[in-house]
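# Descriptive structure summary
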Amino acid sequence: MPMPGASPGSANQPVSPAELARLATMAVRARIIIEGAYAGLHHNPRLGTAIEFSEHKEYAPGDDIRRIDWKAVGRQDRYYIKRFEDESEMRTFLLLDASASMGYKNRGVSKLTYATYLAAALAYLLGKQGDPAGLCLHDTAMRNYLPPSGRAGQVRDMLQLLEGVKPSGNTDMGRALERIGDLAERKSLILIFSDLLDLEPPVQGNANRNTVSTGPAAEHLAQLRQRGHDVVVFHLLDPDEVELPFEDLTEFLAVEPGDTRTLLCEPDDLREAFAQASLDFRDRWRRACVQARIEYRFASTLEPPGNLLRAFIGQRQRRSGQG
Amino acid sequence: MGLLAPSLLLGLIAAAIPYLVHRIGKRTPRPVLFAAMQLLSEAQRRVRARTRIREIALLVLRTAAAAALPFIFSRPFIERETLAPQVSLAPQSAVILLDDSASMRRKIGRLTSWERAIERAQEIVRQLSPESAVALVLATVETPTPAGDLTLEHTRIEAALATTEVSARPVDFSRAIARAQALLANASHNERRIYVITDNQASGWENVDPKPVEGSPTVTVLDVGKTSATDNRAIVGLETIAEPELGPGGIAVTAEVAAWGDSIEGKLPITLFVDGRAVTQGVVELSSDGRGRKKFVHVLPTDGDGAHQVGVEIPADAFPLDDRRITSFMPGQAPRILIVNGDPRTEKTEDETFFLESALQTVGGGVSIDTILLDDVSAELMHNRDVVFVANVATPTNDFARLLIEHVKRGGGLFLSLGEKVSAEQWNLELGPVLPQPIGLQRTASALPGHNASARTGYVAEGELVDDRPAERFAPIDRQHPLLGTFGADGEGLSSTRIYKYFLLEPAPETEHREVILSYETGAPALVERTFPPASAGAHDPGRVLLLSTTLDREWTDLPIRPGFLPLVAESVRRLSGAPSGGETRSVLVGQPRPITIGRKHLRLEIEKPNRQVWIARRGINDPDKKLTFTETDEPGTYRVRASSTDNTLARLPVEDFVVNLDPRESNPTRRNDSAVAANAANEQPAPRYKMPLWHNLGAALILLVLAESVFSLVRRKRLTPV
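Everything in this summary refers to the structure shown in the same document. This structure is a prediction, so every number in the text was calculated from the model and none was measured.

### Let's talk about the overall build of chain A
Secondary structure summary: chain A contains 10 helices and 12 strands in total. Within the span of chain A, comprising 323 residues, buried residues form 51% of the whole. Of the roughly 14,500 Å² of accessible surface on chain A, a fraction of 47% belongs to carbon and sulfur atoms.

### As for the overall build of chain B
A tally of regular secondary structure across chain B gives 13 helices and 36 strands. The buried share of chain B, reckoned over its 723 residues, is 48%. Taking the intrachain contacts of chain B between residues at least 6 apart in sequence as the baseline, contacts between residues at least 24 apart amount to 73%. Put simply, chain B shows about 35,100 Å² of open surface, and 53% of that area lies on carbon and sulfur atoms.

### Describing the nonpolar core
Ranked by size, the top nonpolar core spans 48 residues in total, and within it Ile192(A), Phe252(A), Trp285(A), Phe34(B) and Leu40(B) carry the most contacts. Examining the composition of this core, we find that 6 residues originate from one element, helix H9 (residues 267–291) of chain A, more than from any other. Formed by 46 residues, the second largest nonpolar core is a distinct cluster that contains Met90(A), Met102(A), Ala121(A) and Leu191(A).

### Quick notes on the sheet that holds strand E12 (residues 250–260) of chain B
Residues and elements named next belong to chain B. Spatially, 3 strands are ordered E11-E12-E15 in an open sheet, and the strand pairing comes out antiparallel. Every other strand in the sheet has two partners, leaving strand E11 (232–242) and strand E15 (291–299) as the edge strands with one partner each. Strand-to-strand twist of the sheet, defined as the mean angle between neighbouring strand axes without regard to direction, takes the value 20°. As paired strands, E12 and E15 are joined by 9 bridges and run antiparallel to one another. Pairing of alanine 252 across the sheet is with valine 297, part of E15.

### A closer look at the interface of chain B and chain A
Taken together, the 25 residues of chain B in the interface contact 37 residues of chain A. At the boundary of chain B with chain A, total buried surface from both sides reaches about 2,900 Å², with 62% on carbon and sulfur atoms. In terms of surface lost to chain A, no three residues of chain B exceed Phe34(B), Gln38(B) and Leu39(B), which account for 21% of the buried area on that side. Two residues, Arg46(B) and Asp280(A), come together in a salt bridge whose shortest N-O distance is 2.8 Å. Applying the counting rule to chain B against chain A returns 6 residue pairs in polar contact (both at pLDDT 80 or more). For the side of chain B that touches chain A, the elements supplying multiple residues, two or more each, are strand E2 (30–34), helix H2 (37–73) and helix H13 (695–720) of chain B. The element best represented in the side of chain B that touches chain A is H2(B), accounting for 12 residues. Sheet topology places strand E10 (residues 250–254) of chain A next to E2(B); 5 bridges connect them, and they run parallel. Considered in E2(B), the bridge of Thr250(A) is made with Arg30(B).

### Description of the sheet that holds strand E10 (residues 218–223) of chain B
Residues and elements named next belong to chain B. An order of E8-E7-E4-E9-E10 is seen for the 5 strands of this open sheet, with the pairing classed as mixed. Bordering the open sheet on either side are strand E8 (147–151) and E10, each of which pairs with just one other strand. Here the average twist between neighbouring strands, direction ignored, is 20°. Relative to E10, strand E9 (residues 192–198) runs parallel, the two being bridged by 6 bridges. Across the sheet, tyrosine 195 pairs through a bridge with threonine 220, a residue of E10.

### Brief notes about unusual backbone geometry
In this structure, Arg293(A) takes a positive phi of about 55° despite not being glycine. Structurally, Arg293(A) can be placed in the loop between H9 and strand E12 (295–300). Positive phi, close to 55°, is recorded for Asp275(B), a residue that is not glycine. Relative to the elements of secondary structure, Asp275(B) occurs in the loop between strand E13 (266–274) and strand E14 (277–286).

### Focus on helix H6 (residues 173–183) of chain A
Of the residues making up H6(A), those classed as buried are Met173(A), Gly174(A), Ala176(A), Leu177(A), Ile180(A), Gly181(A) and Leu183(A). Taken together, the buried residues of H6(A) touch strand E3 (91–97), strand E4 (133–138), strand E5 (142–149), strand E6 (188–194) and helix H7 (216–226) of chain A.

### Here's the deal with the packing of helix H4 (residues 111–129) of chain A against helix H5 (residues 154–164) of chain A
Residue and element names in this part refer to chain A. At a closest axis distance of 10 Å, the pairing of H4 and H5 adopts a crossing angle of 180°. Taken together, the axes of H4 and H5 lie roughly antiparallel to each other. Touching Thr116, Ala119, Ala120, Ala123, Tyr124 and Gly127 of H4 are Val155, Met158, Leu159 and Leu162, all from H5. Looking at the contact of H4 with H5 residue by residue, the class counts come to 8 nonpolar, 2 polar and no charged.

### Quick word on the pattern of salt bridges
All chains considered together, the criterion is met by 47 salt bridges over all chains. Ionic pairing is found between Asp230(A) and Arg316(A), a salt bridge with its closest N-O pair at 2.3 Å. With Asp230(A) in strand E9 (residues 230–237) and Arg316(A) in helix H10 (residues 305–320), the pair connects residues that are 86 residues apart, well separated along the chain. You'll find Asp230(A) and Arg316(A) in the same group, each marked buried. Each member of the salt-bridge network shares a partner with another, and the members are Arg604(B), Glu606(B), Glu608(B), Arg612(B) and Arg642(B).

Reading the values: the criteria
- Residues numbered from 1 in each chain as written.
- Chains lettered and ligands numbered in written order.
- Predicted model: local features only at pLDDT ≥ 70, side-chain atom pairs only at ≥ 80, totals over all residues.
- Heavy atoms only, no water.
- Helix = DSSP H or I, 4+ residues; strand = E, 2+ residues; numbered from the N terminus.
- Buried < 20%, exposed > 50% of the residue type's maximum accessible area, 1.4 Å probe, protein only.
- Areas by Shrake-Rupley, 256 points an atom, 1.4 Å probe, with all protein chains shown as cover.
- Contact = heavy atoms within 4.5 Å.
- Core = buried A, V, L, I, M, F, W, Y, C linked by side-chain atoms within 4.5 Å.
- Pairing = 2+ DSSP bridges.
- Axes fitted to C-alpha atoms, helices over the stretch in contact; angles between N-to-C directions.
- Buried area = accessible area lost by both parts, 1.4 Å probe.
- Salt bridge = Lys/Arg side-chain N within 4 Å of Asp/Glu carboxyl O.
- Polar contact = N/O pair within 3.5 Å; in protein donor to acceptor, adjacent residues only side chain to side chain.
- Parallel < 35°, antiparallel > 145°, perpendicular 65-115°, else oblique.
- Nonpolar A, V, L, I, M, F, W, Y, C, P; charged D, E, K, R; others polar.

Below, the structure written as structure tokens:
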């Protein structure tokens, strides 16, 4: 198995979700995704966290010269390196929304399947890095939970869980986040994979367009961040939930159990307004995340997961000074 | 609104079809489990109002389109009050006869009767069915017909109505209706109508037979003047004569004013104008019969070209055209006249020249007259004379004859009258060079007045031979001759003259310089003219000689006591003197012709009308005098004459100027009292109503509805179809 950090010019290119679905196991998919994500990344990528600067330490032979703070050198005329707060191993929680809405698909793979690919790839990467990672599948409650661990079979168990997950039930993201907040005793990396539908959405403030009033889910997200956790939201939507491509008279039925909403309409009549509503919906979540200093990533399920991860990992590297 | 075919409204059931299609024929929707219901709900909220409106609009459009068809087939109409008579919708041949006389210029409220008439005529044309043939005829005399043939092209009639103008000519409905009937005589339609649009003034209807002839076209009279007041004030007469007591330019102007209506009695301000400038104001008193006369006196300047425009005016009313009247007056240039009396008498009325002298006094302008006997004739007396009258002189002496011949050859005028004293032989001998024709034998047409004893005693004596032959009369006159232009067409004033005795004149070679002006009924010449052109062209006026084959007193004729004697003498003096003797120039009424002569001196004649248009006539350089008739007397006003001579210089001829005045009959607003007008007034029939079809409009609306629905749907589909 090729090590992470394959050299530039690798033949591994991001693979589409449909092609990934044809692969045999989640492990293979995870590896393929990560290899595709690594393309173009020069250095040994590390899924760093939101690393925060802690202190300066005078340079001693053997220290990583890449950490030399040259500004400090200019000021002090001495060599100092940066020390970051958390240089010990970072625990990662992968939180998947497995509610019924995540099971929607029209073209390509469902949102849940796409989320499992992302989660599997990240679990694989974390495992290779030796970082403990855990998995939580939820709907209205925590359905499955693997606590973060660096043991040998952790990745295998996570992939197995991801392989077998089925969408069902309604969504209560807030409860899941609250539970994760309880479980994450120290600062952790929390990666959330959800369509964020049927959550109480953030509401744009009237006085200041940059101010968003957040609902319970968003509040929990903000609380996690405030506790020092590094939170990343992967907002996944099917292309149909971006553009509404249907034609002819259609009766739309809600997928989540207990939701009796229906809508009979000519999609032609709603298409333009739907696209705008979808855009506004994503924009509200993005603003809420920005307001809470949470990283927000949007992808449609047609986009190769490797591209998403490449962008994600690459940005992390640049922030940590590793890029 | 009414419906011509109401049963077809059953088709309104079709209007329910779009709704039924909408409700019943709904498509089966495709069910889709969709996760982003919240986004759908939000989108629906945003478009709900717009979509609903669009759906309702589409439904309305489709329902209206479906409902329009049965409505169209049921042929709805509305009834409107119309200005025109109820026009049959059936195809017909129709003549619109417009009264374009001067009285139509009378204003009623905001519009004149003419404007109302045009509106009604246009309404008629609009209402006629497309298969109807129409013609347009005007009622005034000698006015060209705008559209004198029946035509199916109604636009032609409408165009003619738009450009036709009201005239000032007199109206003759008898001739106009006859012309309309002639147009309809060969019409192809069974229904034939004449629509007469008039202000129903009585003038012009005198000769119209009120009883319709069976089989003739139906005549419908549209009265556009029924709301007008019958008040009017007008100047109906104007006379300007010389007033010698005031001097050479003195005139007396007498205006006759008439009023009709409620307040015809009273005082009316009146103004005298000379050459466009108000010179005197006065007041004319109207009597209970609505008539009044006002006399002005004024002194005209005698310099300049001599002709002056003299007019009077009263305050304008609803019909201003008759509130002003003009004449053209030329102060006389005082011709110098010498009369040689060949038969003086102590009894004034029996004197040869008594009547002549009296007549010459009316020429005016300070005419100077000297009467002498033959023995007193001398070159000094003959000097500077414009006209010489030789009346019943027995034997002209050689010297006298020579003086006369020289006088004529100098351009002077000579009037020769015959009588009992005249020796034809001596006259022919001495005056032969100037005589228009040699003098022949005397002819007695009938007994001279008082010749029959029975005429004196009152009874016929035994054995008395009574000469009861009728007196000679003049033959019908030729008004084309300038000397006779003032007389009426029937020669009024001369036609009643009795001639008992006269000289026959010997035949003379035909020549362009000799003309018989008056003849007797027997054909014998009565008054002959001979012209003597100057030796070199333009040197002076031609000399003229007039020969009257009877007497100028009452011995052989009663001409001196006939009304025509004065104007005959005055015109003779004017012609013989070649200079205006002064007086009111010719005046005609609108529409009346004016005889014109292009004399030998002129090659081209121009007449400038009041509207500045110029009428031109020419004469060939070698042609004789050209007599014409000017008929374009369309407008009241002064018509100025210019002429160019052989050297092409254009000069005014004020002596030939004339004025045209409105026919006084147009001023009388009295309306025609025919049975149709009376019946309408008595029964107070409501205004006719016209069924205006609406299906054309509905048809157009249906097309627009369908187009709107199509465009609406197309735009909606294009906007929603993803690119």
